[in-house]
Structure formats: structure tokens, C-alpha cells
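Residues per chain, in single letters:
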Amino acid sequence: MSRDRLISEMVAVGLIFGSILIAASLLSHAVCDTATRFDGEGHPDDYRSSANLGGFIFHDVHPVGVVSLRHAYVVSSNIIMGKAAKLLQPRELHASLTRYGFGSKTGSGWPAETPGLLNDLDQWSRRSPSTLAIGQEIGVSLLQLSVGYAALITDGCLRAPQL
């Protein structure tokens, strides 16, 4: 018996999930545009950088100083994505994630489909917004990720996938 891993298994999304955070930040007006600058707390001669975000340490393997949110996404800055997420109210971030279809089935009708994993807001910790921004504390199937990105590029229009 084979399983369709596209719909039945969750994958670690990592910082590719940052684009969802950026969209949520823009829609909630937490940041005005992707040119908004953040301090990555890194220096050119550093091997890696660390920052304390609300009592939790985040690391970047490729340290950056003050850069735009757009540049931080390109270089995969955990620190800056974590800082950007802290600008959002947890309720706004949770609403954005559910609006893009995360934490529930896509409506495809396939019986083996996983709903993924997105904790209810009352189960979030102080760290949750920042860790979600770098793709942790969430589990998604490849199908959910595709549907979420499709909604992202169609101005939030979430559609059930069809074959």
C-alpha cells in the first residue's frame, strides 16, 4: 500500500515560510513595505550572529547588519524574520495563517490528506510568533504549502485544489 506524500505527510518549511509572514505583516500594516529596515545584529567579520528576542536566542549563520525586510528574506535571516513577527499581534498572525489555509485540510477531498499542524492561539507561547516566522511550530503538507502560496499571489483568494 503506497501513500501520497504530497497530501499525507507534513514537511519542515523553514524560512520559506517567511514570505507568509511578510504578507501578514504587510496586510496588518505592521510594516509599511518590504523596504522597512531591521537590525540583524551581525557584523561582516562575524561567523554567525545571535539575538535575544523576548528571552529566546535566535541565530543567523550568515550575519547581516541593518537591512531591508526584503534582503533579510533573501539571505534567510532568522533574527530579522523573528523581529518582524514580533511587530504583529499574535491574533493577527494566527488569523493570517488560517486565512492562507494552514492548520486545516485544503478541501481537495482526498481521504488521506493531513490538516497539518497549527496550534490554537491559546496554546501559543511568547516565542510562537518568532518561531512560526522561521517555519517552526508548524507542520504543513506540500499541497497545503502550494495552496497557501497560491492564495498569497491571488490577493488572499483561497481555493481548493483540483485535478
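In this convention, every chain numbers its residues from 1, walking through the sequence in written order. Local features in this predicted model are restricted to residues of pLDDT 70 or higher, and side-chain atom pairs are both shown and tallied only at a pLDDT of 80 or more, whereas totals for entire chains, interfaces and linings draw on every residue. Side-chain metrics in this entry use all non-hydrogen atoms of the structure; hydrogen atoms and water are not considered.

Remarks on unusual backbone geometry
A negative phi holds for most residues other than glycine; trans holds for most peptide bonds.
Next, step 1: Residues other than glycine seldom take positive phi values, yet Glu137 does so here, at roughly 65°.
Next, step 2: Working definition: helices are DSSP H or I runs of at least four residues, strands are E runs of at least two. Numbering for both runs from the N terminus. The residue Glu137 is located in the loop between helix H6 (128-133) and strand S7 (138-141) in this model.
Next, step 3: We note that Asp155 has phi near 55°; this positive angle belongs to a residue other than glycine.
Next, step 4: Inspection of the secondary structure assignment puts Asp155 in the segment after helix H7 (142-153).

Examining the confidence of the model for the protein chain
Next, step 1: Per residue, pLDDT measures the predictor's confidence, with a range of 0 to 100. Summing up the model confidence of the protein chain, the mean pLDDT is 90 and the portion of residues at 70 or higher is 97%.
Next, step 2: The weakest mean pLDDT in the protein chain belongs to helix H1 (residues 5-8) at 81; the strongest belongs to strand S6 (residues 117-118) at 96.

Regarding the sheet that holds S6
Next, step 1: One open sheet accounts for 3 strands, arranged S1-S7-S6; its pairing is antiparallel. A single partner strand is all that each edge strand has here, and the edge strands are strand S1 (10-11) and S6.
Next, step 2: A pair of strands is considered paired only if DSSP assigns at least 2 bridges between the two. Sheet analysis places S6 next to S7, joined by 2 bridges and oriented antiparallel. Across the sheet, residue Leu118 finds its bridge partner in S7, namely Ile138.
Next, step 3: The contact definition used throughout considers only heavy atoms, calling two residues in contact when any of these lie within 4.5 Å. Angles here are taken between N-to-C directions and fall from 0 to 180 degrees, while the axes themselves are lines fitted to C-alpha atoms, restricted in helices to the stretch in contact. Along the sheet, H7 contacts S1 and S7; its crossing angle with S7, the most-contacted strand, is approximately 90°.

Topic: the environment of Glu137
Next, step 1: Accessibility here uses a 1.4 Å probe with only protein chains present; expressed as a share of the type maximum, an area under 20% marks a residue as buried, one over 50% as exposed, and anything in between as partly exposed. On the basis of relative accessibility, which here comes to 30%, the residue Glu137 falls in the partly exposed class.
Next, step 2: Placed 114 residues apart in sequence, Glu137 and Ala23 show a C-alpha to C-alpha distance of 19 Å.
Next, step 3: Sequence-distant contacts of Glu137, defined by excluding residues within four places in its chain, comprise Leu117, Asn119, Ser125, Arg127, Ser128, Thr131 and Leu132.
Next, step 4: At 2.8 Å, the side chain of Glu137 forms a polar contact with the side chain of Ser128.
Next, step 5: A polar atom in the side chain of Glu137 sits 2.6 Å from the side chain of Thr131. Contacts described as polar in this section are N or O atom pairs within 3.5 Å, which, within protein, must combine one atom able to donate a hydrogen with one able to accept it, while residues neighboring in sequence count only if both atoms come from side chains.

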